Amino acid sequence: MSKIQFQLSAKPTIAEKEASGKSGFVPVAARWVIERSNAWVERCKSLVKNFDRTLARANAKLKLCFIRLMLKRLTTT
């Protein structure tokens, strides 16, 4: 089994914030995408608790959740 390695984006320094004219909390783009995706997944009630016995079944439910989300967005536009 291989271990998954994540590379996090670097946090902006104070000098970078001042150069861009921002202060306080500045979200990092890569982390923001992950947090938003996690929030969307939590809306699927079947994925809130993991009762699946296999990784393939859990993966299939995750894909169905995102398919449902995208279909909902396509029908509203």
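This structure is a prediction, so every number in the text was calculated from the model and none was measured.

## Focus: the overall build of the protein chain
- The secondary structure content of the protein chain amounts to four helices and zero strands.
- Secondary structure elements of the protein chain occur, N-terminal to C-terminal, as α-α-α-α.
- Within the protein chain, the proportion of its 77 residues that are buried is 12%.
- Intrachain contacts of the protein chain at a sequence separation of at least 6 include 29% that bridge at least 24 residues.

## Points about a nonpolar patch on the surface
- A grouping of Leu64, Ile67, Leu71 and Leu74 is seen on the molecular surface, where their side chains present a nonpolar patch of about 430 Å² in accessible area.
- Note on placement: leucine 74 falls in helix H4 (residues 55-76).
- Since its relative accessible area comes to 60%, leucine 74 is described here as exposed.

## Re the packing of aromatic side chains
- Overall, the coordinates contain zero aromatic pairs when judged by the stated rule.
- The ring of tryptophan 40 carries the charged tip of arginine 73 above its face, separated from the ring centre by 4.4 Å.

## Regarding a positive patch on the surface
- On the surface, Arg36, Arg43, Arg68, Lys72 and Arg73 cluster together to form a positively charged patch.
- With three residues, the top contributor of residues to the positive patch is H4.
- Within the secondary structure, arginine 68 sits in helix H4.

## Focus on the environment of glutamate 42
- Take glutamate 42: it is sitting in helix H2 (residues 29-42).
- Given a relative accessible area of 59%, glutamate 42 falls into the exposed group.
- Taking the C-alpha atoms as reference points, glutamate 42 and cysteine 65, 23 residues apart in sequence, are found 9.6 Å from one another.

## As for the confidence of the model for the protein chain
- Scored by pLDDT, the protein chain comes out at a mean of 76, with 78% of its residues at no less than 70.
- Element-level mean pLDDT values for the protein chain span from 70 in helix H3 (residues 45-48) up to 86 in H4.

## Some details on the environment of valine 28
- You can see valine 28 is positioned in the loop between helix H1 (14-20) and H2.
- On the accessibility criterion, valine 28 (14% relative accessible area) is buried.
- Between the alpha carbons of valine 28 and proline 12 there is a distance of 7.8 Å; along the sequence they are 16 residues apart.

Procedures and definitions
- Residues numbered from 1 in each chain as written.
- Predicted model: local features only at pLDDT ≥ 70, side-chain atom pairs only at ≥ 80, totals over all residues.
- Heavy atoms only, no water.
- Helix = DSSP H or I, 4+ residues; strand = E, 2+ residues; numbered from the N terminus.
- Buried < 20%, exposed > 50% of the residue type's maximum accessible area, 1.4 Å probe, protein only.
- Contact = heavy atoms within 4.5 Å.
- Patch = residues over 30% accessible without salt bridge, like charges linked within 9 Å, V, L, I, M, F, W, Y side chains within 5 Å.
- Areas by Shrake-Rupley, 256 points an atom, 1.4 Å probe, with all protein chains shown as cover.
- Salt bridge = Lys/Arg side-chain N within 4 Å of Asp/Glu carboxyl O.
- Phe/Tyr/Trp six-rings, centres within 6.5 Å; stacked < 30°, edge-to-face > 60°.
- Lys NZ or Arg CZ within 6 Å of the ring centre and 35° of its normal.
- Lys, Arg positive; Asp, Glu negative; His and termini not counted.
- Charge placed at Lys NZ, Arg CZ, Asp CG, Glu CD.
- pLDDT = per-residue confidence, 0-100.

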